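An overview of the molecular structure
So the chains spell out like this:
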Amino acid sequence: MPNTKSKMKMRKAVVRFSGDSGDGMQLTGEIFSQSSGSAGNDLTTIPDFPAEIRAPQGSIGGVSSFQIQIGGTEIYTPGDEVDVLVALNPAALSANIKFLKPGGTIIADRDNFNKKYLKKAGYNENPLDDGSLHDYQVVPAPASSLTKDALKDLGLDMQSVSRSKNMFALGIVYHLFNRPMEPTIDFFEKKFKGKPKIIQANMRALKAGYYYAETTDVLPASIVIPPADLPKGTYRNIDGNTAIAWGALAAAKKSNKKLSLSSYPITPASEILHEIAARKDQGAIVLQAEDEIAAISAAIGASYAGNLSITSTSGPGVSLKTEAMGLAVIAELPLVVINVQRSGPSTGLPTKTEQGDLSQALYGRHGEAPMIVIAASSPDDCFFYGYQACRLAMEHMTPVVLLSDSYLASGKSPWRIPSLDELPDINISEFNGNLEDWGPYLREQKFLNRYWKKPGEPGFEHRIGGLEKEDISGHLTYDPENHEKMVQMRQDKVNRVAKKLPNQEVTGAQSGDLLVVGWGSSYGAINAAIMELIEEGHHNVGFTNFNYISPLPKNTADIFDRFEQILVCELNKGQFANYLRTQLPQFAYDQFNKNQAQPFFTSEIKSEILKILEA
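An account of the accompanying structure is given in this report. Owing to the predicted nature of the structure, the values given are computational and were not obtained by experimental measurement.

The gaps left among the atoms become clear once a water-sized probe is rolled over them. Its volume calculated, the largest pocket comes out at about 1200 Å³. Around the largest pocket sit 40 residues that line it, and Ser377, Ser378, Asp380, Asp381 and Tyr523 are the ones nearest its centre. Here the lining of the largest pocket is built from residues that sort into 21 nonpolar, 12 polar and 7 charged.

Next up on the list: the pattern of salt bridges. Tallied over the full model, the rule gives 23 salt bridges. Across the pair Asp23 and Lys165 runs a salt bridge, and its minimum N-O distance is 3.2 Å. Placement of the pair is Asp23 in the loop between β2 (12-20) and α1 (25-38) and Lys165 in helix α6 (residues 165-176), with a sequence separation of 142 residues. Summarising the burial analysis for this pair, Asp23 and Lys165 share the class buried. Note that Arg110 is salt-bridged to Asp129, the shortest N-O span being 3.1 Å. Of this pair, Arg110 sits in the loop between β6 (100-109) and α3 (115-120) while Asp129 is found in the loop between α3 and β7 (137-141), placing the two residues 19 residues apart along the sequence. With relative accessibility at 31%, the residue Arg110 sits in the partly exposed group. Connected via shared salt-bridge partners are Glu332, Arg443, Asp471, Lys485 and Lys493.

What follows deals with empty space enclosed by the protein. Summed over the entire model, instances satisfying the criterion amount to 3 cavities of 30 Å³ or more. Approximately 110 Å³ is the volume attributed to the largest cavity. Lining the largest cavity we find 13 residues, and of these Ile46, Pro47, Thr351, Lys352 and Ser406 sit closest to its centre. Mapped onto the lining of the largest cavity, the elements with two or more residues apiece are β3 (42-48) and α15 (406-410). Tallied by class, the residues present in the lining of the largest cavity amount to 6 nonpolar, 5 polar and 2 charged. Counted as a void, the second largest cavity has a volume near 60 Å³. The wall of the second largest cavity is formed by Tyr76, Thr77, Tyr407, Ser521, Ser522, Gly524, Ala525, Leu571, Pro599 and Phe600.

Let us look at the pairing of strand β19 (residues 541-546). Burial runs high along β19: 6 of the 6 residues are buried. The two faces of β19 match: Val541, Phe543 and Asn545 on one face and Gly542, Thr544 and Phe546 on the other face are all buried. In terms of strand pairing, strand β17 (residues 507-508) meets β19 through 2 bridges, oriented antiparallel. Bridged to Thr507 within β19 is Phe543. Alignment of strand β18 (residues 512-519) against β19, held across 6 bridges, turns out to be parallel. Residue pairing across strands places Val517 opposite Thr544, the latter belonging to β19. For the handedness criterion, the β-α-β arrangement of β18, helix α17 (residues 523-535) and β19 is classed as right-handed.

Further remarks concern the packing of aromatic side chains. Applying the stated criterion across every chain yields a total of 23 aromatic pairs. Measuring from centroid to centroid gives 5.7 Å for Phe168 and Tyr212, while their planes differ by 45°, and the two rings are tilted. On the criterion of sequence distance, the pair formed by Phe168 in helix α6 and Tyr212 in helix α8 (residues 196-216) is long-range, its members being 44 residues apart. The buried category is assigned to Phe168, whose relative accessible area is 1%. Through a chain of ring-to-ring contacts, the aromatic side chains of Trp519, Phe546, Phe560, Phe576, Tyr579, Phe587 and Tyr589 assemble into a single cluster. Taking the ring centre of Phe460 as reference, the NZ or CZ of Lys453 above it sits at 4.3 Å. Just above the ring of Phe447 sits the side chain of Lys500; from NZ or CZ to the centre is 4.7 Å.

A surface patch of nonpolar side chains, amounting to about 380 Å² of accessible area, comprises Leu467, Leu476 and Tyr478. With respect to the helices and strands, the residue Leu476 is situated in the loop between β16 (412-416) and α16 (480-495). According to the relative accessible area criterion, Leu476 is partly exposed, its value standing at 45%.

Look at α6: 17 Å from first C-alpha to last across 12 residues, which is about the 16 Å you get at 1.5 Å a residue. Buried residues dominate α6, accounting for 12 of its 12 residues. If you check which residues of α6 are buried, you get Lys165, Asn166, Met167, Phe168, Ala169, Leu170, Gly171, Ile172, Val173, Tyr174, His175 and Leu176. Positive phi shows up at Asn178, right after α6, with a value of about 60°.

Below, the discussion takes up the sheet that holds β17. Strand order across the open sheet formed by 5 strands is β17-β19-β18-β21-β22, with mixed pairing between neighbours. Strands at the two margins of the open sheet, each flanked by one partner only, are β17 and β22 (590-593). Two elements, β18 and strand β21 (residues 563-570), share 5 bridges in a ladder whose sense is parallel. When the sheet's bridge partners are listed, Val516 is paired in β21 with Leu567. Across the sheet, α17 lies against β17, β18, β19 and β21, angled at about 165° from β19, the strand it touches most. Across the sheet, helix α19 (residues 575-583) touches β18, β19, β21 and β22, and the angle it forms with β21 is around 135°.

Our focus in this paragraph is the sheet that holds strand β5 (residues 82-87). With mixed pairing, 6 strands are arranged side by side in an open sheet as β3-β4-β2-β5-β6-β7. Across the chains shown, the open sheet's two edge strands, defined by having one partner strand only, are β3 and β7. Between one strand axis and the next, the sheet turns by 15° as a mean value, whatever way the strands run. In this structure, β6 lies alongside β7, joined through 5 bridges in parallel fashion. Paired with Thr105 across the two strands is Gln137, which belongs to β7. Along the sheet, α1 contacts β2, β3 and β4 (63-71); its crossing angle with β4, the most-contacted strand, is approximately 10°.

Calculation rules
- Residues numbered from 1 in each chain as written.
- Predicted model: local features only at pLDDT ≥ 70, side-chain atom pairs only at ≥ 80, totals over all residues.
- Heavy atoms only, no water.
- 1 Å grid on protein atoms, 1.4 Å probe; cavity = no way out; pocket = protein on both sides within 12 Å on 5 of 7 lines; lining within 4 Å.
- Points joined across faces, edges and corners; volume = space filled by probe spheres on them.
- Nonpolar A, V, L, I, M, F, W, Y, C, P; charged D, E, K, R; others polar.
- Salt bridge = Lys/Arg side-chain N within 4 Å of Asp/Glu carboxyl O.
- Helix = DSSP H or I, 4+ residues; strand = E, 2+ residues; numbered from the N terminus.
- Buried < 20%, exposed > 50% of the residue type's maximum accessible area, 1.4 Å probe, protein only.
- Pairing = 2+ DSSP bridges.
- Right-handed = clockwise from strand over helix to strand, strands pointing away.
- Phe/Tyr/Trp six-rings, centres within 6.5 Å; stacked < 30°, edge-to-face > 60°.
- Lys NZ or Arg CZ within 6 Å of the ring centre and 35° of its normal.
- Patch = residues over 30% accessible without salt bridge, like charges linked within 9 Å, V, L, I, M, F, W, Y side chains within 5 Å.
- Areas by Shrake-Rupley, 256 points an atom, 1.4 Å probe, with all protein chains shown as cover.
- Expected span 1.5 Å × (residues − 1).
- Contact = heavy atoms within 4.5 Å.
- Axes fitted to C-alpha atoms, helices over the stretch in contact; angles between N-to-C directions.

Remember, this is a structural readout, not a statement about activity or role.
Right, dumping it as structure tokens:
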């Protein structure tokens with residue numbers, strides 16, 4: 001049925017779905033993301049849920065949320081203030097009302113605003129009735145009871161019926177945003193194939209919510225978000241973990257190597273293991289090891305055998321892998337260590353985000369053990385930097401740390417699927433000399449990478465290991481001068497990677513009063529803040545975001561030199577700022593740091609920039 005209500009056109013909108021951990025908020029948000037992507041909107045999402053498997057029902061600690069910003073323009077973040085808040089119980093309302101902008105819409109399940117759940121959420125009175133929500137447009141829909149009516153003849157148990165109310169709420173949101181229901185019904189039929197009652201339950205609940213909004217006029221107008229003007233191509237929504245997995249698969253294909261992944265499951269990195277394990281059809285080899293140490297040790301063995309080898313983990317897992325990372329450095333083997341950062345230390349907040357492992361990536365090994373460190377900045381570019389990490393590891397015969405984080409791992413954005421021809425070539429140095437001149441530590445002279453030979457290849461039999469090696473021959477030696485030479489060689493090898501890196505780029509002013517610096521996933525919030533400031537006439541601010549951290553791009557000092565002041569924004573206590581002080585001490589760095597296990601808001605960055613400009 002066409003939506004005949006008056007229409008309100010918006011450039012972008014933020015929707016937040018929230019409810020109990022068992023209410024299916026993540027699936028609801030995912031389905032709305034798919035629908036928005038199909039409508040041609042750009043989008044970015046962020047899930048927000050507790051680590052506990054099942055917190056007490058109706059408690060604020062058990063609230064699970066999913067936020068999405070959709071737009072007819074480029075979208076860089078999941079958004080700050082929310083336009084539409086779906087709250088399936090009082091706890092969800094209490095936990096999320098602070099995000100809703102004045103005049104925003106609340107879609108609440110009135111049936112769950114009962115005495116029991118109000119008390120659990122800390123309400124003395126029902127906020128749907130006491131006038132405390134007068135600044136918002138409230139839609140108190142009887143979602144639970146109407147869903148029960150719609151599903152009464154399906155013969156489902158009460159728990160299954162109750163779970164379907166998320167689709168009722170989604171139906172209201174579909175009506176609000178003029179979304180067709182047919183693609184989602186097709187999705188139900190595929191996802192729940194062989195479970196006709198579940199298909200019917202979801203379909204009926206979705207339609208019940210849609211037609212409730214249509215027939216009761218609870219929404220005075222519908223919202224129209226035009227399609228975004230994105231580059232032509234085939235798109236899909238992708239999360240950061242899946243993107244990293246596909247980046248590694250693409251690198252294996254491009255380099256004609258077998259991909260080996262050896263990992264131990266850990267939040268929030270486990271989906272990389274799941275995704276590659278499902279791609280045996282692409283030739284991937286996967287080992288789920290008994291612990292983190294075994295995982296990286298097996299990965300080093302796979303690399304020695306000639307495979308493109310990666311291992312995925314999070315901060316606590318990297319702590320266990322550090323000794324073996326040093327082995328990969330001294331053995332000069334290509335290896336990608338993927339660290340999907342989470343809030344620490346220790347177990348910390350395992351489902352929440354932070355950029356707290358940068359110093360660990362740069363320095364967290366004994367001895368002089370330099371490694372390439374790069375960081376992805378959006379869910380979709382996790383594909384490219386996953387590919388780049390593999391390329392740099394193989395071309396330079398050295399381990400690479402790829403930093404992602406929980407925000408990127410679980411968030412989604414549209415990804416234009418590239419062809420293999422569009423990806424940079426992977427040029428692994430080949431030894432073409434006489435066999436009698438070869439040694440396991442013989443090097444290509446421009447970048448100092450040793451030649452990668454399989455240990456059993458006829459004529460090239462050799463051994464490597466954790467003891468220091470003599471240059472070229474690879475024989476064990478305690479010679480002091482050789483050790484100093486090899487230490488410097490391994491450092492120079494990493495330093496020379498800078499010659500291959502693209503120049504660092506600046507958004508906004510190319511010189512002027514203030515340069516805002518970010519790295520990794522802080523890109524979206526900072527970039528959105530800069531775009532807003534430019535629109536408001538502030539043309540004296542530039543922004544540069546670092547993906548290549550060790551080594552730094554070779555034009556970094558030239559960029560810094562063009563600005564009066566440098567502000568480094570990061571989700572830690574200042575680890576990148578401190579690193580820059582060691583690498584480029586001639587500049588002064590101001591800091592803006594956040595340690596709340598949540599990504600930056602655009603408004604926070606913008607406020608800090610304006611404070612500096614107006615000082």
